[in-house]
Amino acid sequence: MSSTSEHATPGFLVWRLSTKWRVAVDRAVAPLGLTHAQYSLVASLYGMHRAGRRPSQRQLADHTGLEPLYVSKLARALEAAGVVDRTRDPADPRAIQLSLTEDGREVARRAIGVVQGLLEQLLEPLGGLGGERTKAFSRELATLLDVSLDVSLDAPVDAPVDASLDTHLPSHSDEEQP
């Protein structure tokens with residue numbers, strides 16, 4: 001464990017891991033003309049297509065956890081790049097259905113392969129993709145993802161802050177002595 005992580009809060013570690021993963025995926029899929037967010041859409045569409053689904057932008061937003069407006073923006077950019085087709089849903093003219101073009105399916109296959117390699121590297125310390133520790137870790141992450149987080153602005157402004165839980169504040173041992 002790095003010295004940065006030794007006294008870090010779980011929230012800080014989740015944020016750091018998420019940032020590390022996003023940067024790694026951005027770099028890995030850039031040669032294919034994708035960003036991490038675009039990869040998330042393309043890979044999700046690929047999986048949904050294989051399952052026989054042609055999702056609306058809203059369904060894809062729900063699936064990926066991205067904001068619907070952001071999915072719309074990403075889908076328009078991917079359409080302009082020839083990776084995604086956007087068409088009106090015949091059952092609901094307000095909805096836009098998404099599908100991968102032939103080129104989009106090829107880009108998706110290649111990108112998924114690259115990201116799978118990254119995932120193997122990341123999970124190596126836990127025994128790789130099929131390791132028991134990885135399976136347990138995945139269950140724990142799924143549990144946390146199922147927790148509803150409601151932002152409350154009702155917290156008292158003068159509530160005491162435990163500085164030992166804030167990774168951005170130095171601990172007493174880290175403070176410079178005059």
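Shown above is the structure to which this text applies.
All of these numbers come straight from a predicted model, not from anything done at the bench. (Residues numbered from 1 in each chain as written. Predicted model: local features only at pLDDT ≥ 70, side-chain atom pairs only at ≥ 80, totals over all residues. Heavy atoms only, no water.)

From N to C terminus, the chain includes seven helices and two strands. Secondary structure elements of the chain, listed N to C terminal, follow the sequence α-α-α-α-α-β-β-α-α. Taking all contacts inside the chain whose residues are at least 6 apart in sequence as the whole, residues at least 24 apart take part in 45%. Of the roughly 12700 Å² of accessible surface on the chain, 55% is carried by carbon and sulfur atoms. (Helix = DSSP H or I, 4+ residues; strand = E, 2+ residues; numbered from the N terminus. Contact = heavy atoms within 4.5 Å. Areas by Shrake-Rupley, 256 points an atom, 1.4 Å probe, with all protein chains shown as cover.)

Looking now at the pattern of salt bridges. One pass over the full model with this rule turns up six salt bridges. Salt-bridge contacts for Asp-26 lead to Arg-22; the nearest nitrogen and oxygen are separated by 3.1 Å. Placement of both Asp-26 and Arg-22 in helix H2 (residues 10-29) is noted, with a separation of four residues, approximately one turn of the helix. For Asp-26, a relative accessible area of 24% gives the class partly exposed. (Salt bridge = Lys/Arg side-chain N within 4 Å of Asp/Glu carboxyl O. Buried < 20%, exposed > 50% of the residue type's maximum accessible area, 1.4 Å probe, protein only.)

Helix length check: helix H6 (residues 102-123), at 22 residues, gives a terminal C-alpha distance of 31 Å against a target of 32 Å (1.5 Å per residue), a fit within 8%. On its buried side, H6 packs onto H2, helix H3 (36-50), strand S2 (92-100) and helix H7 (132-145). (Expected span 1.5 Å × (residues − 1).)

Turning next to the packing of aromatic side chains. Considering all chains together, one arrives at one aromatic pair under this definition. With a centroid separation of 5.7 Å and an interplanar angle of 40°, the aromatic rings of Phe-12 and Trp-15 are classed as tilted. Here Phe-12 pairs with Trp-15, and both are found in helix H2, just three residues apart, close to one helical turn. (Phe/Tyr/Trp six-rings, centres within 6.5 Å; stacked < 30°, edge-to-face > 60°.)

Another aspect to go through is the pairing of strand S1 (residues 84-89). One face of the sheet, then the other: side chains in a regular strand alternate in exactly this way. The pairing of S1 with S2 spans six bridges and is classified as antiparallel. Looking at S2, one finds that Arg-86 is bridged to Leu-98. Hairpin connection, S1 to S2: the antiparallel pair is bridged by two residues. (Pairing = 2+ DSSP bridges.)

Quick look at the environment of Glu-124 now. Examined against the element boundaries, Glu-124 turns out to sit in the loop between H6 and H7. Residues Glu-124 and Thr-134 lie ten residues apart in sequence; the distance between their C-alpha atoms is 9.0 Å.

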